[in-house]
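Topology and contacts: notes
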Amino acid sequence: MSAPIVIAGAGVGGLTAALSLARAGKRALVLERAPKIEEVGAGFQIAPNAGRILAGLGLEEPLAAVALEPQAINIRRGRDGAVLAKLDLTDSRARWGAPFRVYHRADLQQVLLQAALAHEAIEVRAGARVGSFEARAGSVSLRVHAGDGVEEIEGVGLVGADGLRSAVRGRLLPTEKDAPVYSGLTAWRALVPAELAPAVFRARESNLWMLPGGHVVHYPLRDGSIINVVVIVAEPPRQSEGASILSLDGAQLARALERLRPAAELRALIEAGASWRHWPLFGRPPLESWSQGAVTLLGDAAHPMLPFLAQGAAQAIEDAEALGRAFLQLGATAETAFAAYQQIRIPRASQIVRASRRQGDYFHLAGPAALGRDLAIRALGGRGMLARNAWLYRQP
Ligand SMILES: Cc1cc2nc3c(=O)[nH]c(=O)nc-3n(C[C@H](O)[C@H](O)[C@H](O)COP(=O)(O)OP(=O)(O)OC[C@H]3O[C@@H](n4cnc5c(N)ncnc54)[C@H](O)[C@@H]3O)c2cc1C
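Criteria and thresholds
Residues numbered from 1 in each chain as written. Predicted model: local features only at pLDDT ≥ 70, side-chain atom pairs only at ≥ 80, totals over all residues. Heavy atoms only, no water. Near = heavy atom within 4 Å. Polar contact = N/O pair within 3.5 Å; in protein donor to acceptor, adjacent residues only side chain to side chain. Areas by Shrake-Rupley, 256 points an atom, 1.4 Å probe, with all protein chains shown as cover. Pairing = 2+ DSSP bridges. Helix = DSSP H or I, 4+ residues; strand = E, 2+ residues; numbered from the N terminus. Buried < 20%, exposed > 50% of the residue type's maximum accessible area, 1.4 Å probe, protein only.

The subject of this paragraph is the site of the ligand. Contacts to the ligand come from 30 residues, most closely from Gly13, Glu32, Gln45, Val130 and Asp300. Here Arg105 contributes a side-chain N or O atom positioned 3.0 Å from an oxygen atom of the ligand. The backbone of Ala314 places a nitrogen or oxygen atom 3.1 Å from an oxygen atom of the ligand. When the free accessible area of the ligand is taken as 1000 Å², the share hidden by the protein chains comes to 87%.

Note that strand E4 (residues 72-77) and strand E5 (residues 83-88) share 5 bridges and pair antiparallel. Bridge pairing in E5 links Ile75 to Ala85. The antiparallel hairpin formed by E4 and E5 contains 5 residues in its connecting segment, where Gly81 sits at a positive phi of about 85°.

On to unusual backbone geometry. Here Arg261, not a glycine, exhibits a phi torsion of approximately 50°, which is positive. Tracing the backbone shows Arg261 in the loop between helix H7 (251-260) and helix H8 (264-271). For Ala310, which is not glycine, the phi torsion reads 50° and is therefore positive. Along the chain, Ala310 falls in the loop between strand E18 (295-297) and helix H9 (312-330). Residue Ala310 is classed as partly exposed on the basis of its relative accessible area of 23%.

Written as structure tokens, this is what we have:
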């Protein structure tokens, strides 16, 4: 049997890449450093551009069973809750070929994992960390840390889908200039039981509240039983920044809310969150190349982005689809397919990295600039605001 394409990381990107490669007739070996494959907490919005791809991989039925389809997105002025525009999502299927959905992260991850485990061309191993590797023409030799030992594994290619602090990227581009950079913004995330939330927020709708210097997004998950709340605030860098996830008590968040001064009902929703996770947001400059020979990058490893267009996972899914398509169309070696893949994907992913950053600046305007923005949103209305995102949701 021929050696597999090795994928480092069993996140949304790595698992979708395995399914896409398997569809193209390739064997995939997914190595995940965590002892158990599971996503922690919180929710994902999966926009139609990614939803179409997941459906195309045959996942529609299990995904529909765990997804919630918000009927609308309300864009609100954060200080008083006024709805500036209501974006109707009910005709997303007709317009973009897939619904706009939200998932509990663990549910989406499980659907992808179960599909991968059921596929005879895919092997998934947890507790296996990709360490160093050497790439030669047509093959890659990897050292994989599993249990107390180190194992040598051969692949015909290596896909680094190992997230923001990608070890594969670190070896492809061993330069200090490429280190992740703290954005100055932090996400606080909590899941609030719906019965504790103000009644007005239990509707099947997403809400975006824009505040000077921050914003809040919330939407219901799991048949409306919980509400995913994300609060974005400016926070100074600190020593703990190196870690992506920290669990803290709410005192720090309370201080951040003093600065944001959200509307009373939004504050009530935030105060109903008992366990907050603190998530400093990092970026890395867009790269001109993701591949070297038989090694390439995918998802956050290739193009981490600020989450303000809710496209990080969606772009990982687009990467995965393009990777499989490159093999399918070229029937080629990893080197040729990876070169074609990056050519297709780098312009769009880099554009979205930059647009995501600008979107944060736009949400966080203050004073007269915020007033002008709010007037413009009212003038555009829900239809106009959705049309502004058509470039994201269209067929890649
Ligand atoms: C607050 C917030 C909200 C967001 N909301 C959305 C949203 O609504 N919609 C959306 O599309 N995106 C959203 N995103 C972005 C999204 O979370 C990421 O873009 C997405 O999870 C990236 O997936 P990935 O598979 O590339 O990386 P990851 O999910 O980071 O997975 C990488 C995997 O690789 C493993 N790994 C790491 N190193 C190694 C190694 N050496 N060997 C083996 N395995 C390794 C890790 O354990 C991990 O399982 C949001 C992000 C944040 C921070």
